[in-house]
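# Close look at the chain arrangement
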Amino acid sequence: MCGIFAYLNYNLNRERRYILEVLFNGLRRLEYRGYDSAGISIDCSSSVSNVPSPSPHSPPPLLFRQEGNIESLVKSVYQEVDATKLNLEETFSVHAGIAHTRWATHGEPAPRNSHPQSSGPENEFLVVHNGVITNYEVLKETLVRHGFTFDSETDTEVIPKLAKFIFDKANEEGDQTVAFSQVVLEVMRHLEGAYALIFKSRHYPNELIACKRGSPLLLGVKEFSPETSNGAIFGDLKFPMKDEKPKELFLSSDVHAVVEHTKKVLMIEDGEVVHLKDGGVSILKFDTDKGKLSGGLARPASVQRALSVLQMEVEQINKGNYEHYMQKEIHQQPESLTTTMRGRLIRGGSCKDKTVLLGGLKEHLRTIRRSRRIVFIGCGTSYNAALASRPIMEELSGIPVSMEIASDLLDRQGPIYREDTAVFVSQSGETADTLNALQYALENGALCVGITNTVGSAIARTTHCGIHINAGAEIGVASTKAYTSQIVVMVMMALAIGSDTISNQARREAIIDGLFEFPNKVREVLKLDQEMKELAKLLIAEQSLLMFGRGYNYATALEGALKVKEVALMHSEGILAGEMKHGPLALVDENLPIIVIATHDACFSKQQSVIQQLHARKGRLIVMCSKGDAASVCLGGSSRVIEVPQVEDCLQPVINIVPLQLLAYHLTVLRGYNVDQPRNLAKSVTTE
Ligand code: M6R
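Just so it is clear, the structure is predicted and the values come from calculations on it, not from any experiment.

### Examining helix H9 (residues 380-397)
Given a rise of 1.5 Å per residue, 18 residues ought to cover 26 Å, and the 25 Å separating the end C-alpha atoms of H9 matches this to within 8%. Remark: the principal bend of H9, roughly 40 degrees, maps to Ser 389, with a proline, Pro 391, within the next four residues. Within H9, 13 of the 18 residues are buried, which leaves it mostly tucked inside the rest of the structure. Taken from the residues just after H9, Gly 398 is the one with a positive phi, measuring 70 degrees.

Listed below in structure tokens is the structure:
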């Protein structure tokens, strides 16, 4: 999805070259979100710093936009710098630059459709946008009637043009002092849809305005000691902030682009307008009753907020010794799972029972236990994680669990009741379909629980309660460590809900024991890396790959197939083995490779029968089985076998997905595709 980044240095000398590099690096950190073009805007002259604001005399900001990757943008910027003899050593004591990665929704990837989008030839207002403006056609018609011409096919272009229209109108009416924030608040009043926006304007040099509704946006603050300008950070900060201290301010769609500069951040909330001006930060928000003035400009209320401190290290967002993020994240799973469980499993000590403690759910467990139904809601991998956890949730809670793909629930307007507990599963916490389903469940009165990896995300903030999966930053578009942590969190949630039932105590304790040993089992299964690479070599030229699973491992088949299609760009389908005879069997011949998941659980004998039937039809089988079971699944010695460590049945999907993640990874590398940013896909899908 689109990524937004902005950098403002105040009372701090920075050369143009430095400013450009900060903007480019910000964009590189946002690359993982998925994009197909990029752009930046910087000032053309440092004399802008001395121009009183607002001024008609400040020169138009420079605009660079390019389709393709960040490096194409960087190349084109430096080519233009050479051609125009732009001085890279020119120093700015104050400067506001904006940058953007675009994931095409309205109009093909092309420079004219890339952001920043402009109000017109003089770049009076420039805007970067993440989200979708749903009423852009109506706004465009109105603006065209007022003489505006449009250069792009984007929904975004109406925004800078609307800003110019509002600014010009205020000036015509004699309001020469209309503030930047007033213009933006008025723009916001006309916009429908979801957005995070940053505005830059030649009328308001060295100022930036950020605002949002729906899409994520945050501000990072780094203050310097005036004596040394060496990055010594001052004490606690609160907003509004008004001071002359040297500082750097960053705006970004997510923390990855900010954490290397500062850990002090403000998560901007919906409806807020953050104004960066003269070294200060002020926050305004529409007062729903008083904000809308009939006829005149909107009058907002000032908001007070405090900074929070990011719990994240820069190393988390680097590849370390790995070649790709996906590879790193697969191999990190023993550690990410340890972090997921840290402080939540209790065994021994003053507590006699083995139990789990989930702080975020504690107050709501009684309500959940009284629910008539638990509804798991998510998309893609997060949906699959919920599906893997469904059997244990039903077993330990005794409550029926239904599954909903978020978009489908909304398409059907499926029934959600006050007596339901709706569980929203999302790595990013920002997925538009899941968020819309959450809104729908809230309107219908359900208790809403969030399971997400992103602290401060929309899902984390909007649900009544929840559990963070604490898997650490996941940067590869293909979700791997978040999937396994999500399952473990939902298993712990089942244990917590079921903890008031004596009859399943032994079962619960066995699972808790299993969880204590679990990271070592994951370490063991990761040793299959080379074996999976060999298998990938065999499958490299295949057109298609089927995966059969059932019970706990139906989800493993779906998720394994999703990984293969998403990154290796090979058709792959996860099939419920119980459905084999109802259609898929027709596909079976000696050519099509089929992975059958047949680890040792209650479904094992049924899977043995599936293997027999596939074997009888000369199926080309690859069987995943528990260590020691090879002989009983490998009929006539003809199939290839993947032997995995055996764990408690409800945890087995976590073990079983690892070889399939490795297979997808190696297939992708061998087939020469982009591992971390697969074609057409985005990490956070913030549009419907
Ligand atoms: O951030 P979320 O977990 O809500 O994202 C949902 C899906 O878009 C996501 O899981 C997607 O399927 C992954 N790219 C799969 O690897």
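### Here's the deal with the sheet that holds strand S13 (residues 272-277)
Spatially, the 7 strands line up as an open sheet ordered S5-S6-S7-S8-S13-S14-S15, and their pairing is antiparallel. Of all the strands in the sheet, the pair left with one neighbour each is strand S5 (117-118) and strand S15 (301-302). Across 5 bridges, strand S7 (residues 193-201) lies against strand S8 (residues 208-213) in antiparallel orientation. Within S8, the position partnered with Ala 196 by the bridge is Lys 212. Against the sheet, helix H5 (residues 180-190) makes contact with strand S6 (125-133), S7, S8, S13 and strand S14 (280-285), and its axis sits at roughly 25 degrees relative to S8, the strand it touches most.

### Digging into the pairing of strand S1 (residues 3-15)
For a regular strand, the rule is simple: side chains alternate between the two faces of the sheet. Most of S1 sits inside the fold, with 10 of its 13 residues counted as buried. When S1 meets strand S11 (residues 247-252), the two strands line up antiparallel, connected through 6 bridges. Each bridged residue has a counterpart across the sheet, and for Ala 6 the counterpart in S11 is Leu 251.

### Considering the side chain of Ser 215
Within the fold, Ser 215 resides in the loop between S8 and strand S9 (218-223). Discounting chain neighbours no more than four positions away, the residues touching Ser 215 are Asn 130, Gly 131, Ala 194, Tyr 195 and Ala 196.

### Details of the packing of aromatic side chains
In total, this model carries 10 aromatic pairs according to the counting rule given. Residues Phe 5 and Phe 250 carry aromatic rings whose centres are separated by 6.3 Å and whose planes lie at 35 degrees to one another, so their mutual orientation is tilted. Of this pair, Phe 5 sits in strand S1 while Phe 250 is found in strand S11, placing the two residues 245 residues apart along the sequence. We note that Phe 5, like Phe 250, is buried. Taking 6.5 Å as the distance between ring centres and 70 degrees as the angle between the ring planes, the aromatic pair formed by Phe 148 and Phe 165 counts as edge-to-face. Here the residue Phe 148 occupies a position in the loop between helix H3 (136-145) and helix H4 (158-172), and Phe 165 occupies one in helix H4, the gap between them amounting to 17 residues.

### What about the site of the ligand?
Surveying the vicinity of the ligand reveals 14 residues, the closest of which are Ser 382, Ser 426, Ser 428, Thr 431 and Glu 566. For the ligand, an oxygen atom lies 2.9 Å from a polar atom in the side chain of Lys 563. Here the ligand, which alone exposes 410 Å², has 91% of that area covered by the protein. Taken together, the elements giving at least two residues each to the shell around the ligand come down to H9 and helix H16 (554-568). A per-element tally of the shell around the ligand places H9 first, with 3 residues. Residues belonging to the shell around the ligand are distributed by class as follows: 4 nonpolar, 8 polar and 2 charged.

### Looking at the state of the cysteines
Overall, the coordinates contain 0 disulfides when judged by the stated rule. Cys 379 forms no disulfide, and the closest cysteine sulfur to it belongs to Cys 448, at a distance of 15 Å. You can see Cys 603 has no disulfide; the closest cysteine sulfur is in Cys 650, sitting 14 Å from it. By relative accessible area, Cys 603 is classed as buried at 18%.

### What to know about the packing of helix H7 (residues 333-341) against helix H13 (residues 481-497)
Axis angle and axis distance: for two packed helices, these are the angle between their axes and the distance between the axes, and together they describe the pair. At a minimum axis separation of 9 Å, H7 and H13 run at an interaxial angle of 30 degrees. Judged by the twist between their axes, the crossing of H7 over H13 is right-handed. Facing Gln 333, Ser 336, Leu 337, Thr 340 and Met 341 of H7, the residues of H13 in contact are Lys 481, Thr 484, Ser 485, Val 488, Val 489 and Met 492. The residue makeup of the contact of H7 with H13, split by class, is 5 nonpolar, 5 polar and 1 charged.

### Digging into the domain arrangement of the chain
The domains assigned to the chain are domain 1 (3-314) and domain 2 (325-671). Here the C-alpha centre of domain 2 lies 40 Å away from the C-alpha centre of domain 1. Tallying the contact residues gives 8 residues for domain 1 and 8 residues for domain 2. Here domain 1 is connected to domain 2 by 0 salt bridges. Our count for the domain 1 to domain 2 interface comes out at 0 residue pairs in polar contact (both at pLDDT 80 or more).

### A word on the pattern of salt bridges
Applying the stated rule across the entire model yields 34 salt bridges. Among the salt bridges present, the one from Arg 33 reaches Asp 254, with a minimum N-O distance of 2.7 Å. Residue Arg 33 is found in the loop between helix H1 (16-30) and strand S2 (37-42), and its partner Asp 254 is found in the loop between S11 and strand S12 (264-267); the two are separated by 221 residues along the sequence. With a closest N to O distance of 2.9 Å, Arg 202 and Glu 122 form a salt bridge. With Arg 202 in the loop between S7 and S8 and Glu 122 in the loop between S5 and S6, this residue pair connects regions lying 80 residues apart in the sequence. Overall, the relative accessible area of 38% leaves Glu 122 in the partly exposed class.

### Side note on the environment of Phe 148
Assessed through its relative accessible area of 12%, Phe 148 is described here as buried. Between the alpha carbons of Phe 148 and Pro 653 there is a distance of 57 Å; along the sequence they are 505 residues apart. In contact with Phe 148, other than residues within four places in its own chain, are Ser 119, Leu 143, Lys 161, Lys 164 and Phe 165.

### Quick notes on the layout of surface pockets
The computed volume of the largest pocket comes to approximately 820 Å³. Those elements giving two or more residues to the lining of the largest pocket turn out to be S12 and strand S17 (308-309). In terms of residue class, the lining of the largest pocket is made up of 13 nonpolar, 14 polar and 7 charged. Per-domain counts for the lining of the largest pocket show at least three residues from each of domain 1 (3-314) and domain 2 (325-671).

### What to know about helix H14 (residues 505-525)
Over its 21 residues, H14 runs 29 Å from end to end, which matches the ideal 30 Å to within 8%, given 1.5 Å per residue. Largest kink in H14: about 50 degrees, centred on Glu 517, with the proline Pro 519 one to four residues after it.

### Quick notes on the sheet that holds strand S27 (residues 593-598)
Strand order in the open sheet made by the 5 strands is S26-S25-S27-S28-S29, with parallel pairing throughout. On the outer flanks of this sheet lie strand S26 (571-576) and strand S29 (640-644), each paired with one strand and no other. Adjacent strand axes in the sheet meet at a mean angle of 20 degrees, parallel and antiparallel pairs treated alike. Direction of pairing for strand S25 (residues 544-549) relative to S26: parallel, over a ladder of 6 bridges. Within the sheet, the bridge partner assigned to Leu 546 lies in S26 and is Glu 573. Where helix H17 (residues 604-616) meets the sheet, it contacts S25, S27 and strand S28 (620-626), and its direction lies at approximately 160 degrees from that of S27.

Definitions and limits used
- Residues numbered from 1 in each chain as written.
- Predicted model: local features only at pLDDT ≥ 70, side-chain atom pairs only at ≥ 80, totals over all residues.
- Heavy atoms only, no water.
- Helix = DSSP H or I, 4+ residues; strand = E, 2+ residues; numbered from the N terminus.
- Expected span 1.5 Å × (residues − 1).
- Bend = angle between axes of the 7 residues up to and from the residue.
- Buried < 20%, exposed > 50% of the residue type's maximum accessible area, 1.4 Å probe, protein only.
- Pairing = 2+ DSSP bridges.
- Contact = heavy atoms within 4.5 Å.
- Axes fitted to C-alpha atoms, helices over the stretch in contact; angles between N-to-C directions.
- Phe/Tyr/Trp six-rings, centres within 6.5 Å; stacked < 30°, edge-to-face > 60°.
- Near = heavy atom within 4 Å.
- Polar contact = N/O pair within 3.5 Å; in protein donor to acceptor, adjacent residues only side chain to side chain.
- Areas by Shrake-Rupley, 256 points an atom, 1.4 Å probe, with all protein chains shown as cover.
- Nonpolar A, V, L, I, M, F, W, Y, C, P; charged D, E, K, R; others polar.
- Disulfide = S-S within 2.5 Å.
- Left-handed = near helix turned anticlockwise from the far one by under 90°.
- Domains from an automatic or database assignment.
- Salt bridge = Lys/Arg side-chain N within 4 Å of Asp/Glu carboxyl O.
- 1 Å grid on protein atoms, 1.4 Å probe; cavity = no way out; pocket = protein on both sides within 12 Å on 5 of 7 lines; lining within 4 Å.
- Points joined across faces, edges and corners; volume = space filled by probe spheres on them.

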